[in-house]
Amino acid sequence: MQTHKMQQKTPDQIIHISALSTIVGASNVLTEDLQSYELDWRKKFEGRALAVAKPKTTEEVAKLVQYCATHSISIVPQGGNTGLVGGGTPDLSGEQLIINCSRMNQVLDVDLINNTMTVQAGCVLQSIQELAASNNRLFPLALAAQGSCEIGGNISTNAGGVQVLRYGNTRDLVLGLEVVLPDGQILPLLTGLRKDNTGYDLKQLFIGAEGTLGIITAAVLKLFPKPSAKVTAWIGLSSVPAAMQLLTLVKSSHSESLTAFELISRRAHEIVLRHIDGAREPLNETHPWYVLIEVNDSQKQDRLQESLSEALMQALENETIQDVVISQSEQESRNLWALRENITEAQVHDGKNIKHDVSLPISQIAQFIESADAQLEKAYPGVRPVNFGHLGDGNLHYNICPPLQGFTEAQWMAQWEKVNTIVHQQVARFNGSISAEHGVGQLKRDELVNYKSAVALNTMITIKKALDPSGIMNPRKVINSA
Ligand SMILES: Cc1cc2nc3c(=O)[nH]c(=O)nc-3n(C[C@H](O)[C@H](O)[C@H](O)COP(=O)(O)OP(=O)(O)OC[C@H]3O[C@@H](n4cnc5c(N)ncnc54)[C@H](O)[C@@H]3O)c2cc1C
């Protein structure tokens, strides 16, 4: 890691910083101690920014972008900086302006009849969930970074998380958007309509665009009834095919009320037990695989508990599963969830690993794991895949730890591309995607070319060039369009 030195500004840069300060106020244009903005969460990408501007309103964003467009200054939009693919990190030029949306944290409207909430882009996800809950509603997007990530970042990455099975990705939770385009115009799509067939659905272009087409400044979000009953179960199983069988069984017994179906390998679980304070083994015996299930509903708690237990007892009897514990309280449910949600955090303390966030047809997951494990073992005898993910959505976080002997951390990290290629070739073989929910950013930009059709890539480049002809909006993220 490089040490963090402040770079001397050129006379032109000093003029730019002074002009940007007149838009948002001098105290909201930062030029020192920028490491928390310039370094990504995984500490994999680090850049140097011209400055960090922190606007409060859409109009301030528009003026900042207009200034940048006039003076050919590249922009990196940023929210909570929890992204995992380097999408919100500037390059090393020291010329790019980070526009960080964290001060744009106002809730603009809560409409309990339309079941919508209108928020500025910098609202932290957890605060949105809490406000929805205090209005007896549910905003279902949930992920382990929810205390820091912001809704603008969630929308820009089309974040997934743990309730996609029932409520869909972020894309499914957004009704309207307001966006500042790369020339500084404000695109007003902030409607709460569930039906609007007046031409292209423009908001969809910006959802999942990772800040390459404009800066999202506000959004209208869908709210849902707050479930009155919720039950969580932790299940031990012998194999991934058994987990897939269980998924089919629970889908048919609990269809609509099944909100989460998470797969966790023994190795992933052990890492949590080793590194997370207070983490406890929920079952008496160990098992090669675990599944965490959550069902929620508007029926009574004891009825939901009873119906899930009935389905799982049947699975025990026919030996689809080997053991199960069902939460009896909110606290027990939280403890079970912590075992799943802390995997990413625990891995940080367990040494470096090579990560994959892949998506597959659910029916192909067991074959994919078997085949990818075998290919990796051939290339690196003793390699240790750490598997977990949202099995119900066909999304695996397939992270690869080195064999116990033979590699220093640095030597293992140097294998990143080779390991990625082995894994992603298997993903392609089983008709999957090399990015399920984290996005492309810088991390997968160059690889994307090998896995997306030329026609699809050229269509993306055409859209980018139409909206951002000078290429100032988060350049060289997702695609290399210059
Ligand atoms: C512990 C942990 C667990 C995670 N779990 C999940 C998970 O389960 N599912 C999942 O999908 N992700 C997960 N993530 C990844 C991350 O939290 C999400 O990608 C999140 O949506 C990023 O939000 P953010 O505000 O931090 O965005 P940032 O990291 O700041 O930015 C992400 C991207 O969005 C762009 N961007 C940010 N704000 C705006 C804006 N207002 N307008 C335009 N572009 C913008 C940036 O340029 C960048 O390309 C996890 C991350 C961590 C650290």
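So, a few notes on the structure that sits alongside this text. (Residues numbered from 1 in each chain as written. Predicted model: local features only at pLDDT ≥ 70, side-chain atom pairs only at ≥ 80, totals over all residues. Heavy atoms only, no water.)

**Thoughts on the overall build of the protein chain**
Turning to step 1, where the next piece is worked out: Along its length, the protein chain carries 17 helices and 18 strands.
Turning to step 2, where the next piece is worked out: Whereas a compact globule of 482 residues would reach a radius of gyration of roughly 23 Å, the protein chain reaches 23 Å, a difference of no more than 12%.
Turning to step 3, where the next piece is worked out: Judged by the C-alpha coordinates and their principal axes, the protein chain covers about 75 × 60 × 45 Å.
Turning to step 4, where the next piece is worked out: Within the protein chain, the fraction of its 482 residues that count as buried is 53%.
Turning to step 5, where the next piece is worked out: Sequence-distant contacts, at least 24 apart, represent 73% of the contacts inside the protein chain between residues at least 6 apart. (Helix = DSSP H or I, 4+ residues; strand = E, 2+ residues; numbered from the N terminus. Rg over C-alpha atoms; globule rule 2.2 N^0.38 Å. Buried < 20%, exposed > 50% of the residue type's maximum accessible area, 1.4 Å probe, protein only. Contact = heavy atoms within 4.5 Å.)

**A few points about the site of the ligand**
Turning to step 1, where the next piece is worked out: Around the ligand, the structure places 35 residues, and the nearest of them are Pro77, Gly79, Gly80, Thr82 and Gly83.
Turning to step 2, where the next piece is worked out: Backbone polar atom of Asn81 to an oxygen atom of the ligand: 2.9 Å apart, as the coordinates give it.
Turning to step 3, where the next piece is worked out: Here an oxygen atom of the ligand sits 3.1 Å away from a polar atom, N or O, in the main chain of Glu210.
Turning to step 4, where the next piece is worked out: In the complex, 96% of the free accessible area of the ligand, which totals 980 Å², lies under the protein chains.
Turning to step 5, where the next piece is worked out: Only strand E3 (75–78), helix H5 (151–156) and strand E10 (215–222) provide two or more residues apiece to the shell around the ligand.
Turning to step 6, where the next piece is worked out: Counting residues per element, the shell around the ligand draws most heavily on H5, at 4 residues.
Turning to step 7, where the next piece is worked out: Looking at side-chain class alone, the shell around the ligand contains 12 nonpolar, 20 polar and 3 charged residues. (Near = heavy atom within 4 Å. Polar contact = N/O pair within 3.5 Å; in protein donor to acceptor, adjacent residues only side chain to side chain. Areas by Shrake-Rupley, 256 points an atom, 1.4 Å probe, with all protein chains shown as cover. Nonpolar A, V, L, I, M, F, W, Y, C, P; charged D, E, K, R; others polar.)

**Structural notes on the pattern of salt bridges**
Turning to step 1, where the next piece is worked out: One pass over the structure, following the stated rule, counts 12 salt bridges.
Turning to step 2, where the next piece is worked out: A salt bridge links Glu270 to Arg266; its shortest N-O distance comes to 3.1 Å. Pair noted here: Glu270 and Arg266 are both in helix H9 (residues 266–275), with a separation of 4 residues, about one helical turn.
Turning to step 3, where the next piece is worked out: Of the charged contacts, one joins Asp468 and Lys464 as a salt bridge, the two residues approaching to 2.7 Å between their closest N and O atoms. Here Asp468 matches Lys464 in class, with each residue buried.
Turning to step 4, where the next piece is worked out: Connected through salt bridges with shared partners, the residues Glu38, Glu46 and Arg48 form a single ionic network. (Salt bridge = Lys/Arg side-chain N within 4 Å of Asp/Glu carboxyl O.)

**Structural notes on a nonpolar patch on the surface**
Turning to step 1, where the next piece is worked out: Side chains of Tyr200, Leu202, Leu205 and Ile463 sit close together on the surface and give an oily, nonpolar patch of about 390 Å² of accessible area.
Turning to step 2, where the next piece is worked out: With respect to the secondary-structure elements, Leu202 resides in the loop between strand E9 (186–189) and helix H7 (203–206). (Patch = residues over 30% accessible without salt bridge, like charges linked within 9 Å, V, L, I, M, F, W, Y side chains within 5 Å.)

**Regarding H9**
Turning to step 1, where the next piece is worked out: What H9 keeps buried is the set Arg266, Ala268, His269, Ile271 and Val272.
Turning to step 2, where the next piece is worked out: Residues of H9 that are buried in the fold lie against strand E12 (229–237), strand E13 (258–265), strand E14 (289–297), helix H11 (330–341), helix H12 (343–348) and strand E17 (384–390).

**Describing the nonpolar core**
Turning to step 1, where the next piece is worked out: Core analysis: the largest hydrophobic core is formed by 60 residues, its most contacted members being Ile235, Leu246, Val291, Ile293, Leu312 and Phe368.
Turning to step 2, where the next piece is worked out: The biggest single contributor to this core is helix H8 (residues 240–254), with 8 residues.
Turning to step 3, where the next piece is worked out: Look past the residues within four positions of Ile235 in its chain and what remains in contact with it is Leu246, Leu283, Trp289, Tyr290, Val291, Ile293, Leu312, Ile321, Asp323 and Val324.
Turning to step 4, where the next piece is worked out: If you look at the next biggest cluster of nonpolar residues, it comprises 29 residues, including Val119, Phe139, Ala219 and Leu223. (Core = buried A, V, L, I, M, F, W, Y, C linked by side-chain atoms within 4.5 Å.)

**With respect to H11**
Turning to step 1, where the next piece is worked out: Helix length check: H11, at 12 residues, gives a terminal C-alpha distance of 16 Å against a target of 16 Å (1.5 Å per residue), a fit within 8%.
Turning to step 2, where the next piece is worked out: Those residues of H11 that sit buried are Ser333, Leu336, Trp337, Leu339 and Arg340. Each buried residue of H11 lies within a common arc of 150 degrees when the element is viewed along its axis, so the set occupies one face. (Expected span 1.5 Å × (residues − 1). Arc of directions from axis to C-beta.)

**Quick notes on unusual backbone geometry**
Excluding glycine, a negative phi dihedral is what most residues carry, and trans is how most peptide bonds are arranged.
Turning to step 1, where the next piece is worked out: At Lys43, a position not held by glycine, the phi torsion is positive, near 60 degrees.
Turning to step 2, where the next piece is worked out: Here Lys43 lies in the loop between helix H2 (35–38) and strand E2 (49–53).
Turning to step 3, where the next piece is worked out: A relative accessible area of 53% means that Lys43 is categorised as exposed.

**Considerations on the sheet that holds strand E5 (residues 107–111)**
Turning to step 1, where the next piece is worked out: Judged by pairing direction, the sheet is antiparallel, and its 5 strands sit side by side in the order E5-E6-E10-E8-E9 without closing on themselves. What marks the edges here is a single partner per strand, and that holds for E5 and E9. Within this sheet the neighbouring strands show an average axis-to-axis angle of 10 degrees, counted without direction.
Turning to step 2, where the next piece is worked out: Relative to E10, strand E8 (residues 174–180) runs antiparallel, the two being bridged by 6 bridges. The residue bridging Val174 from the neighbouring strand is Leu221, located in E10.
Turning to step 3, where the next piece is worked out: The strands that helix H3 (residues 58–70) touches are E8, E9 and E10; relative to E8, the one it contacts most, it runs at about 45 degrees.
Turning to step 4, where the next piece is worked out: Its contacts with the sheet put helix H4 (residues 125–134) on E5, strand E6 (116–120) and E10, and the angle it makes with E6 is roughly 150 degrees. (Pairing = 2+ DSSP bridges. Axes fitted to C-alpha atoms, helices over the stretch in contact; angles between N-to-C directions.)

**Looking at the side chain of Lys464**
Turning to step 1, where the next piece is worked out: With respect to the secondary-structure elements, Lys464 resides in helix H17 (residues 454–467).
Turning to step 2, where the next piece is worked out: Under the relative-accessibility criterion, Lys464 is labelled buried at 5%.
Turning to step 3, where the next piece is worked out: Within polar-contact distance, the side chain of Lys464 engages the side chain of Asp468 at 2.7 Å.
Turning to step 4, where the next piece is worked out: With residues near it in sequence (within four places) discarded, Lys464 still touches Thr212, Leu213, Pro469, Met473, Ile479 and Ser481.

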